[in-house]
Amino acid sequence: MMKTGSCLCGDVRFELKGELRPVIACHCVQCRKTSGHHVAATSVRRDQIAVQGAVTWYQSSDTARRGFCATCGSNLFWDGAGANISVFAGTLDGCKVTQILAVSG
Ligand SMILES: [Zn+2]
Ligand SMILES: [Zn+2]
């Protein structure tokens, strides 16, 4: 089933196809700083996400960057070296994220 998401202002919209990874809560220092609290994120394979609009990327480490909307500031993506890209769960439309299966950091 196709899922959709967006930033707060709607300048960035995206569609996700295929299975979403269970939501993980990350309390590492970078996730705390970027979100103000902690990050809850699902993920999908790179070829299963279609993004419309301008995502601004911040290179947060040697191996990862974080995508956000420069207009409204919404945190949207974590893009590391793996096959998947993380999508911050609260950005999904009609999101019912009630189960967080793992906590790290
Ligand atoms: Zn926005
Ligand atoms: Zn983290």
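So, here is what we can say about the structure in this document. (Residues numbered from 1 in each chain as written. Chains lettered and ligands numbered in written order. Predicted model: local features only at pLDDT ≥ 70, side-chain atom pairs only at ≥ 80, totals over all residues.)

### What to know about the overall build of the protein
Step number 1: Looking only at helices and strands, the protein features one helix and ten strands.
Step number 2: Helices and strands appear in the protein in the N-to-C order β-β-β-α-β-β-β-β-β-β-β.
Step number 3: Counting every position in the protein, which comprises 105 residues, the buried fraction comes to 26%.
Step number 4: In the protein, 59% of the contacts between residues at least 6 apart in sequence involve partners at least 24 apart. (Helix = DSSP H or I, 4+ residues; strand = E, 2+ residues; numbered from the N terminus. Buried ≥ 20, exposed ≤ 12 C-beta atoms within 10 Å, placed from the backbone. Contact = placed C-beta atoms within 7 Å.)

### Some thoughts on the sheet that holds strand S5 (residues 49–52)
Step number 1: Across the sheet, three strands lie side by side as S1-S2-S5; this open sheet has antiparallel pairing. The open sheet is flanked by strand S1 (3–6) and S5, the only strands paired with a single partner. This sheet shows a mean twist of 15° between the axes of neighbouring strands, independent of strand direction.
Step number 2: Bridge count for strand S2 (residues 13–16) against S5 is four bridges, and the pairing is antiparallel. The residue of S5 that forms the bridge with Glu15 is Ala50. (Pairing = 2+ DSSP bridges. Axes fitted to C-alpha atoms, helices over the stretch in contact; angles between N-to-C directions.)

### Describing the nonpolar core
Step number 1: Ranked by size, the top nonpolar core spans 17 residues in total, and within it Val12, Ala41, Leu76, Phe77, Val87 and Phe88 carry the most contacts.
Step number 2: For Phe77, the residues in contact, after removing those within four places along its chain, are Val55, Arg66, Gly67, Ile85, Ser86 and Val87. (Core = buried A, V, L, I, M, F, W, Y, C linked by C-beta atoms within 7 Å.)

### Describing the pairing of S2
Taken residue by residue, a regular strand's side chains alternate between the two faces of the sheet.
Step number 1: Of the two faces of S2, the one lined by Phe14 and Leu16 is fully buried and the one lined by Arg13 and Glu15 carries no buried residue.
Step number 2: Relative to S2, S1 runs antiparallel, the two being bridged by four bridges. Paired with Gly5 across the bridge in S2 is Phe14.

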